[in-house]
Amino acid sequence: METARNAERQRTAAESRRRELLEAADRVVLRDGPHASMNAIAAEAGITKPILYRHFGDKGGLYRALATRHTDALLSALRAALDAPADRRRRVEATLETYLAAIEARPQVYRFLMHPADGPADASPADASSEQGFDVGRHSVPLLRRLGEELGQVIAERVDLGPDSERTARIWGHGIVGMMHAAGDWWLGDRPCSREHLVRALADLLWGRLAEAGDLQDGPGF
């Protein structure tokens, strides 16, 4: 019994320490964006880089942990927008608004997740060699795929798309995430219009079949 209690205490302490390290990493990412380095994160956390490696392995491991943290929060916000007490058109707009507002509010975090640099701008050759190879596609594509699968599941639970509805919902989920990502990335960089204008334009693009489809029988409704 004592052994089990000790193991539980150790597990709880490790989880708490990991959260503290992720919060330190978030602070550095907010400041440095895609140039956030393991050295800077370790310094912010008050530890050495080998201890940071012990928790996350490498920068890729830290990225995946941060991506999970932020994706979980974004998915929770998107689900809340989809389930809000409003008509379907307004909920579509609210979902788009939630995504765009999130990347606008924390652009450095977005750039870290979607446009990681090869290494910090001021890195020494030794640091650069250890942190390069941080491939954008290898890390960001799984994040976008997770968002697509989750959104597809939400659509499948709510909208009757006729024969082969579940597969169509998955196609829509990935398509909508791809559209939001591409349009949001362009908009965040160029700022060609207001966020409200972009939301309306994207909602217009999505609205055709969504306006016609009925709610799934016995589903939560949409």
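Here the structure is shown first, and the text comes after it.
The rules behind the values
Residues numbered from 1 in each chain as written. Predicted model: local features only at pLDDT ≥ 70, side-chain atom pairs only at ≥ 80, totals over all residues. Heavy atoms only, no water. Core = buried A, V, L, I, M, F, W, Y, C linked by side-chain atoms within 4.5 Å. Buried < 20%, exposed > 50% of the residue type's maximum accessible area, 1.4 Å probe, protein only. Contact = heavy atoms within 4.5 Å. Helix = DSSP H or I, 4+ residues; strand = E, 2+ residues; numbered from the N terminus. Phe/Tyr/Trp six-rings, centres within 6.5 Å; stacked < 30°, edge-to-face > 60°. Lys NZ or Arg CZ within 6 Å of the ring centre and 35° of its normal. 1 Å grid on protein atoms, 1.4 Å probe; cavity = no way out; pocket = protein on both sides within 12 Å on 5 of 7 lines; lining within 4 Å. Points joined across faces, edges and corners; volume = space filled by probe spheres on them. Nonpolar A, V, L, I, M, F, W, Y, C, P; charged D, E, K, R; others polar. Axes fitted to C-alpha atoms, helices over the stretch in contact; angles between N-to-C directions. Parallel < 35°, antiparallel > 145°, perpendicular 65-115°, else oblique. Left-handed = near helix turned anticlockwise from the far one by under 90°.

1. Examining the nonpolar core
Ranked by size, the top nonpolar core spans 59 residues in total, and within it Leu52, Leu62, Leu96, Tyr99 and Ile155 carry the most contacts. Filtering out sequence-adjacent residues up to four positions away, Ile155 remains in contact with Leu161, Ala169, Trp172, Gly173 and Ile176.

2. Brief notes about helix H2 (residues 38-45)
Burial in H2 covers these residues: Met38, Ala40, Ile41, Ala42 and Ala45. Of the residues trailing H2, Gly46 is marked for its positive phi of about 75 degrees.

3. Looking at the packing of aromatic side chains
As enumerated under the stated definition, the model contains one aromatic pair in all. For the ring pair Tyr63 and Phe112, a centre distance of 5.9 Å and an interplane angle of 40 degrees mean the geometry is tilted. With a gap of 49 residues between them, Tyr63 in helix H4 (residues 59-82) and Phe112 in helix H6 (residues 107-114) connect regions that are remote in the sequence. Accessibility classification places Tyr63 together with Phe112 in one group, the buried group. Across from the ring centre of Trp207, 5.8 Å away, lies the NZ or CZ of Arg89, which sits over that ring. Taking NZ or CZ as reference, Arg191 lies 4.6 Å from the ring centre of Trp187, over its face.

4. Here's the deal with empty space enclosed by the protein
As enumerated under the stated definition, the model contains two cavities of 30 Å³ or more in all. Roughly 120 Å³ of volume is contained in the largest cavity. Considering the residues around the largest cavity, the lining is formed by Leu82, Val92, Thr95, Leu96, Leu151, Ile155, Trp172, Ile176, Leu206, Leu210 and Phe222. Going through the elements one at a time, helix H5 (88-105), helix H8 (136-158), helix H9 (165-190) and helix H10 (195-212) are the ones with two or more residues in the lining of the largest cavity. The element that contributes the greatest number of residues to the lining of the largest cavity is H5, accounting for three residues. Taken as a whole, the second largest cavity encloses approximately 50 Å³ of empty space. In terms of lining, the second largest cavity is formed by Leu75, Leu78, Arg79, Leu82, Glu150, Leu151 and Val154. Secondary structure elements with two or more residues in the lining of the second largest cavity: H4 and H8. When residues of the lining of the second largest cavity are assigned to their parent elements, the largest contribution, four residues, is made by H4. In terms of residue class, the lining of the second largest cavity is built from five nonpolar, no polar and two charged.

5. Observations regarding the side chain of His70
Inspection of the secondary structure puts His70 in helix H4. Under the relative-accessibility criterion, His70 is labelled buried at 16%. Excluding its chain neighbours within four sequence positions, the residues that come into contact with His70 are Asp26, Arg106, Val109 and Leu113.

6. Some details on the packing of H5 against H9
The N-to-C vectors of H5 and H9 enclose an angle of 40 degrees; their axes lie 10 Å apart at closest approach. With respect to each other, H5 and H9 are oriented oblique. Both H5 and H9 take part in a crossing whose hand is right-handed. Residue-level inspection shows Leu96, Tyr99, Leu100, Ile103 and Glu104 of H5 in contact with H9, the latter providing Met179, Met180, His181, Gly184, Trp187 and Leu188. A class-by-class count of the residues in the contact of H5 with H9 yields eight nonpolar, two polar and one charged.

7. Some points on the environment of Ser140
By the element assignment, Ser140 lies in helix H8. Classification of Ser140 by relative accessible area gives buried; the value is 7%. Between the C-alpha atom of Ser140 and that of Arg64, which follows or precedes it by 76 residues, the distance is 9.2 Å. Beyond its immediate chain neighbours, meaning those up to four positions away, Ser140 contacts Tyr63, Leu113 and Met114.

These results come straight from atomic positions and should not be treated as a statement about function.
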